[in-house]
Amino acid sequence: MLTSKNNFHKIAPFYDQNALIQKKMAESLMELVEKNVGCKFDDVLEVGCGTGLFTRLIQKKINYKRLFLNDLHNFISFEGGYDFLEGDIEEINLPYKFDIIFSNATFQWVKDFKRLIQKLHQCLKPQGYLCFTTFGEENLKEVKAVTGVGLNYLTFNEYLDLLGRYFNIITYYQTKESLYFQTPWDVLKHMKLTGVNSVAKVQWTKRNFVTFCELYEQFKTEKGYLLTYHPFYFIVSKNKEVCYD
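Remarks on the packing of helix α7 (residues 184–193) against helix α8 (residues 206–215)
Two packed helices can be described by the angle between their axes and the distance between those axes.
Phase 1 of the analysis: One way to put it is that α7 packs onto α8 with a least axis distance of 9 Å and a crossing angle of 110°. Our classification of the angle between α7 and α8 gives roughly perpendicular. Side by side, α7 and α8 meet where P184, W185 and L188 of the first sit next to F209, F212 and C213 of the second.
Phase 2 of the analysis: A per-class count over the contact of α7 with α8 returns 6 nonpolar, no polar and no charged.

A word on the nonpolar core
The nonpolar side chains of a soluble globular protein tend to be buried, and buried together.
Phase 1 of the analysis: V33, F102, Y216 and L227 are the most contacted members of the largest nonpolar core, which totals 47 residues.
Phase 2 of the analysis: Setting aside chain neighbours within four positions, we find V33 in contact with G38, I62, I100, F102, C131 and I235.
Phase 3 of the analysis: Formed by 30 residues, the second largest nonpolar core is a distinct cluster that contains V110, Y159, L162 and F167.

Notes on the pairing of strand β7 (residues 177–181)
Phase 1 of the analysis: In β7, alternate side chains face the same way, and those of E177, L179 and F181 are buried while those of S178 and Y180 on the opposite face are not.
Phase 2 of the analysis: The sheet contact formed by β7 and strand β9 (residues 224–229) spans 5 bridges and is antiparallel. Looking across to β9, one finds that L179 is bridged to L227.

Some details on the sheet that holds strand β3 (residues 83–86)
Sheet strands pair by backbone hydrogen bonding; their relative direction is either parallel or antiparallel.
Phase 1 of the analysis: Pairing in this open sheet of 7 strands is mixed, and the strands run β3-β2-β1-β4-β5-β10-β6 from one edge to the other. The open sheet has two free edges, formed respectively by β3 and β6 (168–174), since each of these has just one partner strand. On average, each strand axis in the sheet is inclined to that of its neighbour by 15°, with strand direction left out of account.
Phase 2 of the analysis: Two strands pair when backbone bridges link them, and strand β1 (residues 40–47) and strand β2 (residues 63–71) are joined in this way by 7 bridges, in the parallel orientation. Residue pairing for β2: F41 is matched across the bridge by Y64.

Parameters at a glance
Along every chain, residues carry numbers that run from 1 in the direction the sequence is written. The model is predicted, so local features are restricted to residues of pLDDT at least 70 and side-chain atom pairs to those at 80 or more, both for listing and for counting; the totals for chains, interfaces and linings are taken over all residues. Only hydrogens and water are set aside when side-chain values are computed; all heavy atoms of the structure are taken into account. Axis geometry follows a simple rule: fit a line to the C-alpha atoms, using only the stretch in contact for helices, then measure angles between N-to-C directions, giving values from 0 to 180 degrees. By definition, any uninterrupted DSSP run of H or I lasting at least four residues is a helix, any uninterrupted run of E lasting at least two residues is a strand, and each is numbered from the N terminus. What sets the label is the angle itself: under 35 degrees gives roughly parallel, over 145 gives roughly antiparallel, 65 to 115 gives roughly perpendicular, and the rest give oblique. Whether two residues are in contact is decided by their heavy atoms, any of which lying within 4.5 Å being enough. Polarity classes work like this: nonpolar for Ala, Val, Leu, Ile, Met, Phe, Trp, Tyr, Cys and Pro, charged for Asp, Glu, Lys and Arg, and polar for all others, with Gly in that last group. Working definition of a nonpolar core: buried Ala, Val, Leu, Ile, Met, Phe, Trp, Tyr and Cys residues. They are joined through side-chain atoms within 4.5 Å. To sort residues, take the accessible area from a 1.4 Å probe on protein chains only and compare it with the maximum for the residue type: under 20% means buried, over 50% means exposed, and anything in between is partly exposed. By the convention used here, strands pair only if DSSP detects at least 2 bridges between them.

Next up, the structure:
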């Protein structure tokens, strides 16, 4: 994965109060889960649990026997009731089989999504579920337009194509979310406090910062300076035998 545990460790105490869209995505994903696959599972895995934003919903809404959490480092602020699998989900060994795998706002960081879903497919029990959110190509598009820096997101159809090779697709949708800020500086601060590493790649000299603010004026609205999020939602099941290529 592309994130750094050292970078996230610095902003973890501020993440939950700034991750407004990620929190909304977590709540919407859990609503989809309750509606489409139910809430009773023996073995549950959350990939990219972060500070526990979605984990707390699992604890509240899901009737499970064993909960496994994964991330590069344990940033969870509460104790007990779970087993922690530390490391990059693309690299670590998963020695268990799961009834359901969750992930909220994490898979955009993955280097090889096809390889990852093959791995997760193998780690699911028969008829197990993969339920996740991620972001699409219009995510943070204003910042990318100004700086030229951003992630290379998969499109919605690319996700559907890859998922359809290994899973039965139960439900999916995409949406657009807008946040507004008082100044371009507030946009940058928001991105930093939600763990967006792309802005760190920019050499932030005084001149570059002034240029950023000047160029970001094109995104000023009556509500403030616009920042767009592009969430994707997917729930799929393993009711399919496949050959891995």
